[in-house]
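Chain by chain, the residues:
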Amino acid sequence: MVLPGELIAEGEYKLGEGVFREQGKIYSSVMGLVDEKKGYLRVIPLTGKYIPKVEDFVVGKIEDAQFSHWEVNINSAYSAILNASDYFREIDIFQTALAKILAPGDLIFAIVREITPTKKVYVTMADKMARSLKGGRLLKISPTKVPRVIGKNSSMISMIKKETKCDILVGQNGRIWLNGEAERINLAVKAIELIEREAHTAGLTKRVEDLLTVR
Amino acid sequence: MFEVVAEVKKDYIANLLENGKRADERGFDDYRPIVVEKGVSNRAEGSALVKIGKTQVLIGVKLAIGEPFPDMPNSGVLTTNAELIPLASPDFEKGPPDEDTIEIARVVDRGIRESQCIDLDKLCIVAGEKVWIIFVDIHVLDYDGNLFDASALGAVAALLDTCMPKVEEDMVIYGEKTTERLPILHKPVETTFAKINKSIVVDPSLDEELVMDARLTVATDENGTICAMQKGGSGTFTQEEILEIIKRGTRKGSELRKFLE
Amino acid sequence: MKVGEPEKFIVKGKRLDGRKLDELREIKIEAGILKRADGSAYVEWGGNKVMAACYGPREVHPRHLARSDKAILRCTYNMAPFSVSDRKRPGPDRRSREISKVTREALEPVVFTNLFPRTAIDVFIEVLQANAGTRCTGIAAASVALADAGIPMRDLVPSCAAGKVGGEIVLDLFDVEDNFGEADLPVAMIPRKNEITLLQMDGNLTQEEFEKALKLAMEGCIKVYELQKEALRRKYGGA
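Cut-offs used in this document
Residues numbered from 1 in each chain as written. Chains lettered and ligands numbered in written order. Predicted model: local features only at pLDDT ≥ 70, side-chain atom pairs only at ≥ 80, totals over all residues. Heavy atoms only, no water. Helix = DSSP H or I, 4+ residues; strand = E, 2+ residues; numbered from the N terminus. Rg over C-alpha atoms; globule rule 2.2 N^0.38 Å. Buried < 20%, exposed > 50% of the residue type's maximum accessible area, 1.4 Å probe, protein only. Areas by Shrake-Rupley, 256 points an atom, 1.4 Å probe, with all protein chains shown as cover. Lys, Arg positive; Asp, Glu negative; His and termini not counted. Charge placed at Lys NZ, Arg CZ, Asp CG, Glu CD. Salt bridge = Lys/Arg side-chain N within 4 Å of Asp/Glu carboxyl O. Polar contact = N/O pair within 3.5 Å; in protein donor to acceptor, adjacent residues only side chain to side chain. Contact = heavy atoms within 4.5 Å. Pairing = 2+ DSSP bridges. Axes fitted to C-alpha atoms, helices over the stretch in contact; angles between N-to-C directions. Patch = residues over 30% accessible without salt bridge, like charges linked within 9 Å, V, L, I, M, F, W, Y side chains within 5 Å. Nonpolar A, V, L, I, M, F, W, Y, C, P; charged D, E, K, R; others polar. Buried area = accessible area lost by both parts, 1.4 Å probe. Phe/Tyr/Trp six-rings, centres within 6.5 Å; stacked < 30°, edge-to-face > 60°. Lys NZ or Arg CZ within 6 Å of the ring centre and 35° of its normal.

Focus on the overall build of chain C
Across its full length, chain C carries 4 helices and 11 strands. Taking 239 residues into account, the globule formula puts the C-alpha radius of gyration at 18 Å, and chain C, at 18 Å, falls close to it. In chain C, which comprises 239 residues, the share counted as buried stands at 58%. On chain C, roughly 9700 Å² of surface is accessible, and the fraction owed to carbon and sulfur atoms is 49%. Computing the positive centroid from 38 side-chain charges and the negative centroid from 35, chain C places the two 5 Å apart.

Regarding the side chain of R175 of chain A
All names here are of chain A. Relative to the elements of secondary structure, R175 occurs in strand 15 (residues 175-179). We note that R175 is buried and unpaired, the nearest opposite charge coming from E63 at a distance of 6.9 Å. Within polar-contact distance, the side chain of R175 engages the side chain of N73 at 2.8 Å. Beyond its immediate sequence surroundings of up to four residues, R175 is in contact with V59, G60, K61, N73, I74, N75, L138, L139, K140, L169 and V170.

What to know about the sheet that holds strand 4 (residues 25-28) of chain A
Residue and element names in this part refer to chain A. The 3 strands lie next to each other as 1-4-3, forming an open sheet whose pairing is antiparallel. Either end of the sheet is taken by a strand with one partner, and the two such strands are strand 1 (7-10) and strand 3 (19-22). Averaged over neighbouring strand pairs, the angle between their axes works out to 30° when direction is ignored.

Describing a positive patch on the surface
A contiguous patch of positive charge on the surface is contributed by K61 and K140 of chain A together with K35 and R36 of chain C. Checked against the element boundaries, K140 of chain A lands in strand 13 (residues 137-140).

Quick word on the interface of chain C and chain B
The interface is formed by 34 residues belonging to chain C together with 40 residues belonging to chain B. On inspection of chain C and its partner chain B, the count reaches 4 salt bridges. Among the ionic pairs, E98 of chain C bridges to R110 of chain B, the shortest N-O distance being 2.6 Å. There are 22 residue pairs in polar contact (both at pLDDT 80 or more) connecting chain C and chain B. Of all the secondary-structure elements, those providing two or more residues to the side of chain C that touches chain B are helix 1 (94-107), strand 11 (195-205) and helix 4 (207-236) of chain C. Among the elements that take part in the side of chain C that touches chain B, strand 11 of chain C stands out by supplying 11 residues, more than any other. Here the residues of the side of chain C that touches chain B are counted per class, giving 12 nonpolar, 7 polar and 15 charged.

Details of the interface of chain A and chain C
The partner chain C presents 28 residues to the 23 residues of chain A that form the contact. Of the roughly 2100 Å² buried between chain A and chain C, counting both surfaces, carbon and sulfur atoms make up 59%. Linking chain A with chain C are 4 salt bridges. Residues E22 of chain A and R192 of chain C are paired through a salt bridge, measuring 3.1 Å at the closest nitrogen-oxygen approach. Counting every contact that joins chain A to chain C gives 8 residue pairs in polar contact (both at pLDDT 80 or more). Looking at side-chain class alone, the side of chain A that touches chain C contains 11 nonpolar, 7 polar and 5 charged residues.

What about the sheet that holds strand 7 (residues 119-129) of chain C?
All names here are of chain C. Spatial ordering of the open sheet is given by 3-4-5-7-6, a layout of 5 strands whose pairing is mixed. In this open sheet, the two edge strands, each paired with only one partner strand, are strand 3 (27-31) and strand 6 (72-79). Sheet twist, expressed as the average angle between the axes of neighbouring strands with direction ignored, equals 15°. Alignment of strand 6 against strand 7, held across 8 bridges, turns out to be parallel. When the bridges of strand 7 are listed, Y77 appears paired with I125. Across the sheet, helix 2 (residues 134-148) lies against strand 3, strand 4 (39-45), strand 5 (48-59), strand 6 and strand 7, angled at about 150° from strand 4, the strand it touches most. The strands that helix 4 touches are strand 3 and strand 4; relative to strand 3, the one it contacts most, it runs at about 35°.

Digging into the pairing of strand 4 of chain C
Residue and element names in this part refer to chain C. Counting buried residues in strand 4 gives 6 out of 7 residues, a clear majority hidden from the surface. In this structure, strand 3 lies alongside strand 4, joined through 5 bridges in antiparallel fashion. Bridge pairing in strand 4 links I29 to V43. The pairing of strand 4 with strand 5 spans 7 bridges and is classified as antiparallel. Counted as the bridge partner of S40 is A53 from strand 5. From the end of strand 4 to the start of strand 5, which pair antiparallel, there are 2 residues, and G46 there has a positive phi angle of about 55°.

Description of the pairing of strand 7 (residues 163-168) of chain B
When a strand is regular, its side chains alternate between the sheet's two faces. Residues and elements named next belong to chain B. Two strands pair when backbone bridges link them, and strand 7 and strand 8 (residues 171-181) are joined in this way by 5 bridges, in the antiparallel orientation. From the neighbouring strand, K166 faces strand 8, where its bridge partner is I173. As consecutive antiparallel partners, strand 7 and strand 8 are separated by 2 residues, and within that stretch E169 has a phi angle of approximately 45°, a positive value.

With respect to the arrangement of the chains
No other pair of the 2 pairs of chains in contact has as many contacts as chains B and C. Across all C-alpha pairs, the smallest distance from chain A to chain B is 16 Å, and the two are not in contact.

Let's talk about the packing of aromatic side chains
Applying the stated rule across the entire model yields 8 aromatic pairs over all chains. Relative to F88 of chain A, the ring of Y87 of chain A lies with its centre 4.7 Å away and its plane at 20°, an arrangement referred to as stacked. Residue class for Y87 of chain A comes out buried when judged on its relative accessible area of 7%. Using a relative accessible area of 43% as the deciding quantity, one classes F88 of chain A as partly exposed. Relative to Y143 of chain B, the ring of F92 of chain B has its centre 5.3 Å away and its plane inclined at 25°; by these criteria the two rings are stacked. With F92 of chain B in the loop between strand 4 (77-84) and helix 2 (99-114) and Y143 of chain B in the loop between strand 6 (130-142) and helix 3 (147-161), the pair connects residues that are 51 residues apart, well separated along the chain. The exposure class of F92 of chain B is buried, given its relative accessible area of 3%. Residue Y143 of chain B is classed as buried on the basis of its relative accessible area, which comes to 6%. Grouping aromatic residues by their ring pairs yields a cluster made of F20 and Y27 of chain A together with F112 of chain C. One Lys or Arg, R154 of chain C, reaches over the ring of F112 of chain C and ends 4.2 Å from the middle of that ring.

Here you go:
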């Protein structure tokens, strides 16, 4: 684990998130774990807010419906915009008020389409995974723990889905939407909370499996 | 308040400095022309107008009789206040003092207080009950950079100009001044340096202040004792830079002090 | 002599609270102590108890304060009314506003504000119990809170004061020394670059004394720096 300002390398690297170069040396800018692959160096943060990246799936909450777009809270420093043209089916905005389709408070599962240099974030629902979320429960975890909840090749989340028979959508922004039988949702929530709490410890998969299969 | 930074301007000023030049052709250790005029407002017990280049600050001293602080029953009370009125700059707004204004007042106050400029113990009338209260009011008239040095210089000038008012039965008779002066022991002055990239210059102009990385103010008395310091701005200083500024500041300080004669 | 002023500050090389001239008070730092804040820290430093919370990057309110090229860093230093002997009137006074300003300027040099245009990073410092050196304690806590919030930074910023009492240059004044001492010099720095981000001074020092005090304060900062790092490692389980 490294802390802000800690020297992590010298020399030729492509720099990713959480690192910076100063007089030829490379330092960490956040608390996290150093990750180096094929000359690409980054620090995976252990804490912090969600920073949107293109192609991230996010669980968004509609804040406001305007004439031709929605404003979407994505649990980040920046709220996102969902244009009417980015909804998964065509809308005639002259005929239909957008609030009739998605009203403030509604949840959506969307994908980050574009981030401008001034950090305007656009999300889109023109993706077969995207949908609006009805009912169910919303769980919030630290965005830095999301990769652990998903697991390698989605192994962890697949196991939770299979064992609890719940419909679960994990947003990179730390919001997780669950739907299913109340008791089974509770079990899934327990499993996810366990992962969040013990994210960086060994034998995690086994403990989650135990939790899910104990009757 | 002062944040109107133009990066282009910074490049221009910084490039000049790297070649040893300032935009207004001064040397790195040169003040702009300084004028100190005392006795400019006769309603005040003491006053001074200070000009450093186009920067103009008027300082008035008012005296009143009041209660001492409980922990210092035998001492007069010094109160320093600043106002950056909208008259002095398009960037100044009316309303309660902002943090820049407060900082100026507090740093000037600290220089006067810590140097024991005024012998406050001589300003006790009845121990624990009645003492002289000194109000130093800094009124900025034209803001063209370096308000710290102008305000500090003007404050001491105004204190030196102050005559005690007449008192009858513990009532101050304003307008009837005696010839008695405030008990002044030391003459502190403040010198301010701006750091722009690697260059450090004294008495920053408005343009230099707008682009500076950091600022350091040093208050010294006539013996070269340092009595207050304040770093400002979002940049940094090295230890060597600070020690160098103190040397230069002490030297410039004795030049400034001549304006108090 | 003022009310309550001790006759001597240093007896046989020891200070009134038993410390050596170059000794810090006991310091405890804990990271991540508040639930709602994005980052937080608690510091006990001698008789000081200070909490710091960081929120952000988040949307700026009021909106016109937002900058299109960077995040704005806002620091608020506040003293609880019961944190000092004579109750402090609630709300910002001139002293706390000045401290808020110099605190911001002490932290700003390390924060990568350019990464988060149009947002605010807010730091709140709450003094719960005061015993001289609250601004240094606050900066030390704030820096840990920023790291705990995952705000990208060039380094942590430790802070520590040196001063002069009884004719001697000493590290980290406590209240009696602060009230009756001859000088106080709070410093904050970027240890990795040996650069100073906070420097204030009041009192009386010769050039030689100043040089000595600055060096001592910087050494104090390095000790605080180690404690800050330890606190973060403890919270995040790294060795």
